[in-house]
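Each chain is listed here by its residues.
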Amino acid sequence: MIDKPEAKRETVQMIGEPEVKRETGQMTDEPEYVLKVHILNIFICLNFRPVIYIPARNHNVNQRHIDELTRFIVYILEQACKKCFEEVIDNLCIIFDLKDFGMNSMDYQLVKNLIWLLSRHYPERLGVCLIINAPAIFSGCWSIIKGWLHEVTASKVVFVNTEQDLLKYIHPDILPENV
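Definitions and limits used
Residues numbered from 1 in each chain as written. Predicted model: local features only at pLDDT ≥ 70, side-chain atom pairs only at ≥ 80, totals over all residues. Heavy atoms only, no water. Helix = DSSP H or I, 4+ residues; strand = E, 2+ residues; numbered from the N terminus. Expected span 1.5 Å × (residues − 1). Buried < 20%, exposed > 50% of the residue type's maximum accessible area, 1.4 Å probe, protein only. Contact = heavy atoms within 4.5 Å. Axes fitted to C-alpha atoms, helices over the stretch in contact; angles between N-to-C directions. Parallel < 35°, antiparallel > 145°, perpendicular 65-115°, else oblique. Left-handed = near helix turned anticlockwise from the far one by under 90°. pLDDT = per-residue confidence, 0-100. Phe/Tyr/Trp six-rings, centres within 6.5 Å; stacked < 30°, edge-to-face > 60°. Polar contact = N/O pair within 3.5 Å; in protein donor to acceptor, adjacent residues only side chain to side chain.

This part takes up unusual backbone geometry. At Asp-100, a position not held by glycine, the phi torsion is positive, near 60°. Turning to its location among the elements, Asp-100 is positioned in the loop between strand S4 (92–97) and helix H2 (108–121). In the Ramachandran plot, Glu-124 falls in the positive-phi region, its phi being about 65° despite a non-glycine side chain.

Here's what the structure looks like:
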C-alpha cells in the first residue's frame, strides 16, 4: 500500500538573502537566480498532484531577466516533479492567479518559454492548468496564447470562476490566504 501524504503547502522563498537550513545552520546551495525571483508555492493537493501556484501580479515584464527566469522555471518544475508520486499520479497542476493582473504582468516571451519547456522536456507532465481570478483583459491574451498550444494541451487549461469549481481540483487549506 502506498503512503498517502496529507495535503500540505511548502513555500519556496525566492526573494532576498539565501535561507539558512534550520537543522544544520548552513546556507542553502540554491542557484543565485533562485534567490532573485518572487515567492512561489509548491504543494501537494488531495489527489497527490504537485501544484505550482503562480501569482501573476508579482511579475513585471519590464523588470525581469528572461534567461534567469527561464532557469528558475526549470528549477521549479524539477522541484515539483520530485514531489510526484509516480505510482499514483505523475503530472502537475499549475495555477496562474490573475488577481490584480495588468498588461505589465503579461510576458508573452516567458509564456512561450514555459510552453516550450513543458512540451520538449516535460511532455505529459502537465495534468491541469488552472486560471483563477482572470480579468476581462486577459481574454485577448488568452486568444493569442491558445494559438501556441497543441489542442491536447489547450484542453488542460481550465478557467475557474468560482471557489466551488476550484475545490474540484485542490484542497482549500493549501492555497495562500490572499487568493
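Once that is clear, we can look at H2. Taking 1.5 Å of rise per residue, 14 residues should cover 20 Å, and H2 covers 20 Å from first to last C-alpha, within 8% of that figure. Taken residue by residue, H2 has Leu-110, Asn-113, Leu-114, Ile-115, Leu-117 and Leu-118 as its buried positions. Packing partners of the buried residues in H2 comprise helix H1 (66–82), S4 and helix H3 (138–148).

Further remarks concern the packing of H2 against H3. Interhelical geometry of H2 versus H3 gives an angle of 30° and a closest axis separation of 11 Å. Here H2 lies roughly parallel to H3, going by the angle between them. Helix-helix and strand crossings are classified by hand; for H2 and H3 the assignment is right-handed. From H2, Tyr-108, Val-111, Lys-112 and Ile-115 reach across to H3, where they touch Cys-141, Ile-144, Ile-145 and Trp-148.

Detailed reading of the predicted model is not advised wherever pLDDT is low. Scored by pLDDT, the protein chain comes out at a mean of 76, with 70% of its residues at no less than 70. Note on residues 1–39: pLDDT under 50 across the span, and 75 contacts to partners over four residues away in sequence or across chains.

Glancing now at the packing of aromatic side chains. Here the structure, examined in full by the defined rule, presents four aromatic pairs. The interplanar angle of 90° and the centroid separation of 5.5 Å between the aromatic rings of Phe-101 and Phe-138 together place this pair among those described as edge-to-face. Residue Phe-101 is found in the loop between S4 and H2, and its partner Phe-138 is found in helix H3; the two are separated by 37 residues along the sequence. Judged by its relative accessible area of 10%, Phe-101 is buried. Seen in terms of ring centroids, Tyr-108 and Trp-148 are 5.8 Å apart; in terms of plane orientation they differ by 85°. Their pairing is edge-to-face. Of the two residues, Tyr-108 sits in helix H2 while Trp-148 sits in helix H3, which places them 40 residues apart along the sequence.

So, about the environment of Asn-161. Along the chain, Asn-161 turns up in the loop between strand S6 (157–160) and helix H5 (163–166). Taking C-alpha positions, Asn-161 is 8.6 Å from Ile-131, a pair spaced 30 residues apart along the chain.

Our focus in this paragraph is the side chain of Lys-156. Summarising the element assignment, Lys-156 is placed in the loop between helix H4 (151–154) and S6. Among the polar contacts made by the side chain of Lys-156, one reaches the main-chain carbonyl oxygen of Leu-126 at a distance of 2.9 Å. Setting aside residues no more than four positions away along its own chain, Lys-156 makes contact with Glu-124, Leu-126, Gly-127, Val-128 and Cys-129.

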